[in-house]
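# Descriptive analysis of the structure
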Amino acid sequence: MTLDLETIRSHFPALAVADGGRQRLYFDNPAGTQVPQSVADSMSDCLLHANANLGGYFQTSHLADKVVSDARDAMVDFLNAPSADEIIFGQNMTTMTLHLSRSIGRYFNAGDEIILSQMCHDANVEPWVLLARDFDLKVRWLPFDVETFEFDLTKLDDLLTSKTRLVCIGGASNLTGTINDVKTVCSKAREAGAWSFVDAVQSAPHVSTDVQALGCDFLVCSAYKFFGPHQGILWGRRELLEALEPYKVRPASDRIPGCFETGTQSHEGMAGVGAAVDYFAWIGETMAGDFHAANRQYDGRCLYVHAAMDCLFAYEKDLAERLIDGLQSISGVTVQGITDSDALHRRVPTVSFTHDGKAPADIAQGLGERNIFVWNGHNYAIEPAKALGILDSGGAVRVGPVHYNSIDEIDILLNALEDILA
Ligand SMILES: Cc1ncc(COP(=O)(O)O)c(C=O)c1O
């Protein structure tokens, strides 16, 4: 069984769209992926047939209850979470992090320390910086090596003290593409008596995510980055969620997960999340047979989803290799991330680069004119861009292939870049 790219692409209507006869090339995926037809259908079905609030004595409400509970079950499988009660839905990762940080902060005392990573997107930085300001906490920074684009985790040992209460880390960088050793970070945090908060927004679309294997305390991700709709998902360890005080209105549930789900939720979004997880399961069942044995600790849909992620990761590694090799062969280009072909398993295929003669915005514009979609700038990765010395010079151009992209598309992009940068 191998990845059948043609069949995969046929599930994404957006991939067939052309503008003025020119095919669209989607390399803007780290900012948001396209969705399979099944996701749009599921959302539409929810809006047309299950459009009601929860817990009523009538049919549309019963159906809405089922949409929500199915979506929680889907995320249990996606994250290998111990229970559906630990899956919390919300508007997006940033909003959910800002919200939960208030509850977490109530647990800390002035003078307590939190560790933030210099590689994180601002959504896993500023909520905690603000919390530290409000609760008089001390922020300590975990730097990354700007030559290797990775952490030296012995530096984490130096930062952890008896006062450390929280360690925030990202699964993968949205700028450099580095995959972090989250498991080791979480285990070091736990040994020091601190909680761990993992931003898996950029790892979840590419890497199998298992909250139990990672040993984390909280993990957040966003479905619109993994072929679903705009919807945030937060997993938290049951005993911690039950211990935290939720910021909520009085009539809302006092029990998890509802107590952390502020106001009326996007049930259609949840329906789309369930369909996105089922999309991965479909790949796992029909194309990822070679990866089943390595995932035999999982059952049913959970097995299929995790086998799919491993299968897609292997495919995406080839895309990353072609992209990085091609970029490095263009004069004046610097890849701002891991390039060693032996280390590609430690990065996602999100590749950022700078050029010594042309600004990132001009390059992105040149590509946009050719209907090739990329992002430029710091992409909210303020601390990483600062560390790399590119914050004040327009950041970088970010090319983010995912599994529905082809090697041919990478070659078209590279040819266009050679033209633009000639
Ligand atoms: C690594 C990372 N974390 C967090 C976010 C914020 O996610 P959301 O848009 O769901 O708030 C992003 C968005 O690009 C991201 O790339």
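## Brief notes about the overall build of the protein chain
Helix and strand counts for the protein chain come out as 14 helices and 17 strands. Across its three principal axes, the protein chain shows a C-alpha extent of roughly 60 × 50 × 40 Å. Within the protein chain, the proportion of its 422 residues that are buried is 52%.

## Focus on the nonpolar core
When a protein is soluble and globular, its nonpolar side chains tend to lie buried together. Core analysis: the largest hydrophobic core is formed by 130 residues, its most contacted members being Met-75, Leu-219, Val-220, Ile-233 and Ala-308. If one sorts the elements of this core by residue count, helix H11 (residues 300-328) sits on top with 15 residues. The residues that make up this core include at least three from each of domain 1 (5-35 + 309-420) and domain 2 (41-276). Excluding residues within four positions of it along the chain, Ile-233 makes contact with Met-75, Ile-87, Phe-89, Val-220, Cys-221, Ala-223 and Val-273.

## Section: the environment of Thr-178
Relative to the helices and strands, Thr-178 resides in the loop between strand S9 (164-170) and helix H7 (182-191). Along the backbone, Thr-178 and Asp-217 are 39 residues apart, and their C-alpha atoms lie at a distance of 22 Å. The residues touching Thr-178, leaving out its near neighbours within four places in the chain, are Met-119, Phe-149, Glu-150, Ala-172, Ser-173, Gly-337, Ile-338, Arg-346 and Arg-347.

## Quick notes on the site of the ligand
In the vicinity of the ligand there are 15 residues, among which Asn-92, Thr-94, His-121, Asn-174 and Ser-222 approach most closely. Residues belonging to the shell around the ligand are distributed by class as follows: five nonpolar, nine polar and one charged.

## What about the packing of helix H3 (residues 59-79) against helix H10 (residues 267-287)?
With their axes 8 Å apart at the nearest point, H3 and H10 run at an angle of 40° to one another. Classed by the angle they form, the pair H3 and H10 counts as oblique. The interaxial crossing formed by H3 with H10 has left-handed handedness. Only His-267, Met-270, Ala-271, Val-273, Gly-274, Val-277 and Asp-278 of H10 make contact with H3, whose side of the interface consists of Ala-64, Val-67, Val-68, Asp-70, Ala-71, Ala-74, Met-75, Asp-77 and Phe-78.

## Description of the packing of H10 against H11
Running from N to C, H10 and H11 cross one another at 75°; their axes reach a closest spacing of 7 Å. The angle between H10 and H11 falls in the class roughly perpendicular. For the pair H10 and H11, contact is made by Val-277, Phe-280, Ala-281, Ile-283, Gly-284, Glu-285 and Met-287 and by Arg-301, Tyr-304, Val-305, Ala-307, Ala-308, Met-309, Cys-311 and Leu-312, respectively. Considered class by class, the residues forming the contact of H10 with H11 number twelve nonpolar, one polar and two charged.

## Here's the deal with the domain arrangement of the protein chain
Partitioning the protein chain into domains gives domain 1 (5-35 + 309-420) and domain 2 (41-276). Placing the centre of domain 1 and that of domain 2 at their C-alpha centroids yields a distance of 26 Å. Contact residues are listed per partner, giving 29 residues for domain 1 and 32 residues for domain 2. Among the elements that make up the side of domain 1 that touches domain 2, the one with the highest residue count is helix H13 (residues 382-388) (six residues). Here the side of domain 1 that touches domain 2 is composed, by residue class, of 17 nonpolar, seven polar and five charged.

## With respect to the environment of Val-198
Relative to the assigned elements, Val-198 resides in strand S10 (residues 195-199). By the C-beta count within 10 Å, which is 27 here, Val-198 ends up buried.

## A look at the pairing of strand S11 (residues 218-222)
Here S11 lies mainly inside the structure; five of its five residues are buried. The side-chain alternation of S11 yields two buried faces, one formed by Phe-218, Val-220 and Ser-222 and the other by Leu-219 and Cys-221. The pairing of S10 with S11 spans three bridges and is parallel. For Val-198, the partnering residue across the bridge sits in S11 and is Leu-219. Here S11 runs beside strand S12 (residues 232-236); their pairing, made up of five bridges, is antiparallel. Residue pairing for S12: Val-220 is matched across the bridge by Leu-234.

## Side note on unusual backbone geometry
Each neighbour pair has its own omega, and for Ile-256 with Pro-257 the value is 0°, a cis peptide bond. Its place among the elements puts Pro-257 in the loop between helix H9 (238-243) and H10. At Asn-80, a position not held by glycine, the phi torsion is positive, near 50°. With respect to the helices and strands, Asn-80 occurs in the loop between H3 and strand S4 (87-90). Residue Asn-80 is classed as partly exposed on the basis of its 19 C-beta neighbours within 10 Å.

## Quick notes on the sheet that holds strand S17 (residues 396-399)
Strand pairs in the sheet, formed through backbone hydrogen bonds, run parallel or antiparallel to each other. One open sheet accounts for four strands, arranged S13-S14-S17-S16; its pairing is antiparallel. Of all the strands in the sheet, the pair left with one neighbour each is strand S13 (333-335) and strand S16 (375-377). Neighbour to neighbour, the strand axes of the sheet diverge by 30° on average, direction disregarded. Pairing of strand S14 (residues 351-355) with S17 involves three bridges; the strand directions are antiparallel. Bridge assignment links Phe-353 to a residue of S17, and that residue is Val-397. Of the strands in this sheet, S14, S16 and S17 are in contact with helix H12 (residues 360-369), which crosses S16 at around 165°.

## A short note on helix H5 (residues 126-135)
What H5 keeps buried is the set Pro-127, Trp-128, Leu-131 and Ala-132. The buried residues of H5 occupy an angular sector of 135° when projected down its axis, which confines them to one face. Turned more than 90 degrees away from the buried face of H5 sit Arg-133 and Asp-134, all of them exposed. Of the surrounding secondary structure, the elements contacted by the buried residues of H5 are helix H4 (93-105), strand S5 (113-117), strand S6 (138-142) and S9. In the segment just after H5, Asp-136 is the residue with positive phi, at about 60°.

The rules we used
Residues numbered from 1 in each chain as written. Predicted model: local features only at pLDDT ≥ 70, side-chain atom pairs only at ≥ 80, totals over all residues. Helix = DSSP H or I, 4+ residues; strand = E, 2+ residues; numbered from the N terminus. Buried ≥ 20, exposed ≤ 12 C-beta atoms within 10 Å, placed from the backbone. Core = buried A, V, L, I, M, F, W, Y, C linked by C-beta atoms within 7 Å. Domains from an automatic or database assignment. Contact = placed C-beta atoms within 7 Å. Near = placed C-beta within 6 Å. Nonpolar A, V, L, I, M, F, W, Y, C, P; charged D, E, K, R; others polar. Axes fitted to C-alpha atoms, helices over the stretch in contact; angles between N-to-C directions. Parallel < 35°, antiparallel > 145°, perpendicular 65-115°, else oblique. Left-handed = near helix turned anticlockwise from the far one by under 90°. Pairing = 2+ DSSP bridges. Arc of directions from axis to C-beta.

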